[in-house]
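Here is what each chain is made of, one letter per residue.
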Amino acid sequence: MTYKIAVLPGDGIGPEITEQAVKVLKALEKDGLSVELEYAAVGGAGYREQGHPLPPETLEVCKRSQAVLFGAVGDFSLDSLPRHLRPEQAILGLRKELNLFANFRPALVYEELADASSLKPEVIAGLDILIIRELTGDIYFGKPRGIHIVEEGPFKGQREGYDTMRYAESEISRIGHVAFQAARKRNRRLCSVDKANVLETTQLWRDVMIELGREYPDVELSHMYVDNCAMQLLKNPKQFDVVVTGNMFGDILSDEASMLTGSIGMLPSASLNEHGFGLYEPIHGSAPDIAGKDLANPLATILSAAMMLRYTFGQEAHATRIERAVKHVLANGPRTPDLWVEGKAKVGTQAMGDAVVQALAAV
Ligand code: IPM
Ligand code: MG
């Protein structure tokens, strides 16, 4: 079986980090993995090459693949373009077009990195949280939205910006099922995060989660307001097993959770549709300030490739092998600047990729 993967390097550090993940996938070929890669332009790169952040050809390449390996998009120099042409629209468009509603963002603290976090080691040692973020609804996509001139009232004549937070019942329940099932494979605790004390949309979210909970009596369901969750993540992050939340809150909480682990350069993610088709990307962005300098940490992208092998291809053994190789490098090998500590060799993006490839032989 040869797996077809669309590779979308994107902008900034995107190309250099995806190159390392590709290197790792290729290295597994001698152990029986077979992949066929098709590259396509996306984000600022898509705009420059084909006039759109998500060129139709790129979408086609994704649709004829079984999974997408995505680098990062974002390019400050294009921020003055109309919104629909900005690089970020590429990832939003892909999520919507490919119906990637379920976003898995694990935050795992490697014991080797417990001292890289800005929190005390005892607060985060052994941390293993899975944030499940709804990815195709909410205020990100709700209509109406826009900027208009107010016609009456105290703000008459002024410009006003507005977006709409909305969730239909079925959108909530399908992500709810995904989350309950994920919790079943872990420690059977699910915390649903909302702002039900203020927002109607999330009152419905909570009601639906409670209804679904009756189908999963073996999973302990709890609820938390998003502001409290932001606080609890810093105070006592180990209380969480699986967290499920909407698109907007999930965006914010997953960045926060990533920092518990020491470096945002470590966190992979999977965005799945209901058939297991997935887009895999590091949760960090395009980091234009360090792009092209061989400074970026490629581990989040390499770990995203591992998630792809697990979730879309069912290749658990190859997936674990990549994860073990990464652990091996963290314990014994060199570090990129974001993770570097006294006593370790400091290396660049390329050498870090090579180190993981070499470590595959040791695990
Ligand atoms: C993320 C990013 C995106 C989001 C941006 C790039 C549109 O922050 O994947 O978390 O807001 O979802
Ligand atoms: Mg984000």
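Residues numbered from 1 in each chain as written. Chains lettered and ligands numbered in written order. Predicted model: local features only at pLDDT ≥ 70, side-chain atom pairs only at ≥ 80, totals over all residues. Heavy atoms only, no water.

(A) How the structure looks around the pattern of salt bridges. Taken as a whole and judged by the stated rule, the model has 17 salt bridges. Residue aspartate 241 pairs with arginine 186 through a salt bridge whose shortest N-O separation is 3.0 Å. With aspartate 241 in the loop between helix H8 (226-235) and strand E10 (242-245) and arginine 186 in the loop between helix H6 (169-184) and strand E8 (189-194), the pair connects residues that are 55 residues apart, well separated along the chain. With a relative accessible area of 2%, aspartate 241 lands in the buried category. Classification of arginine 186 as partly exposed rests on a relative accessible area of 25%. Arginine 310 is the partner of glutamate 316 in a salt bridge, and the nearest nitrogen-oxygen pair spans 2.8 Å. Classification of glutamate 316 as partly exposed rests on a relative accessible area of 40%. On the basis of relative accessible area, arginine 310 is assigned to the partly exposed category, the value being 21%. Among the ionic contacts, a cluster of salt bridges with common partners joins Glu38, Glu57 and Arg64. (Salt bridge = Lys/Arg side-chain N within 4 Å of Asp/Glu carboxyl O. Helix = DSSP H or I, 4+ residues; strand = E, 2+ residues; numbered from the N terminus. Buried < 20%, exposed > 50% of the residue type's maximum accessible area, 1.4 Å probe, protein only.)

(B) Seen up close, the environment of lysine 293. Locating lysine 293 in the fold gives a position in the loop between strand E12 (278-282) and helix H10 (299-311). Through-space distance from the C-alpha of lysine 293 to that of valine 363 is 30 Å; in sequence the pair is 70 residues apart. A polar contact of 2.9 Å, which involves the side chain of lysine 293, links it to the backbone oxygen of aspartate 289. (Polar contact = N/O pair within 3.5 Å; in protein donor to acceptor, adjacent residues only side chain to side chain.)

(C) Molecular detail of the sheet that holds strand E1 (residues 3-10). Reading across from one edge, E2-E1-E3-E12-E11-E4-E5-E10-E8-E9 is the order of the 10 strands in this open sheet, with mixed pairing throughout. With one partner strand each, in any of the chains shown, strand E2 (35-39) and strand E9 (220-225) form the two edges of the open sheet. Taken pair by pair, the neighbouring strands of this sheet meet at an average axis angle of 25°, ignoring direction. Judged from the 5 bridges that link them, strand E11 (residues 268-272) and E12 form a sheet pairing that is antiparallel. (Pairing = 2+ DSSP bridges. Axes fitted to C-alpha atoms, helices over the stretch in contact; angles between N-to-C directions.)

(D) Representation of the side chain of threonine 261 within the structure. Tracing the chain through its elements places threonine 261 in the loop between helix H9 (247-260) and E11. Among the polar contacts made by the side chain of threonine 261, one reaches the main-chain carbonyl oxygen of serine 258 at a distance of 2.6 Å. In this structure threonine 261 touches Ala107, Leu108, Val109, Leu113 and Leu267, once residues within four positions along its chain are discounted. (Contact = heavy atoms within 4.5 Å.)

(E) Region of the structure containing the environment of threonine 58. As for its position among the elements, threonine 58 is in helix H3 (residues 56-63). Threonine 58 sits 285 residues away from glycine 343 along the chain, and the two C-alpha atoms are 44 Å apart. Once you skip the residues sitting within four places of it in the chain, threonine 58 turns out to touch Leu8, Ala40, Ala41 and Val42. From its side chain, threonine 58 meets the backbone oxygen of alanine 41 in a polar contact 2.6 Å long.

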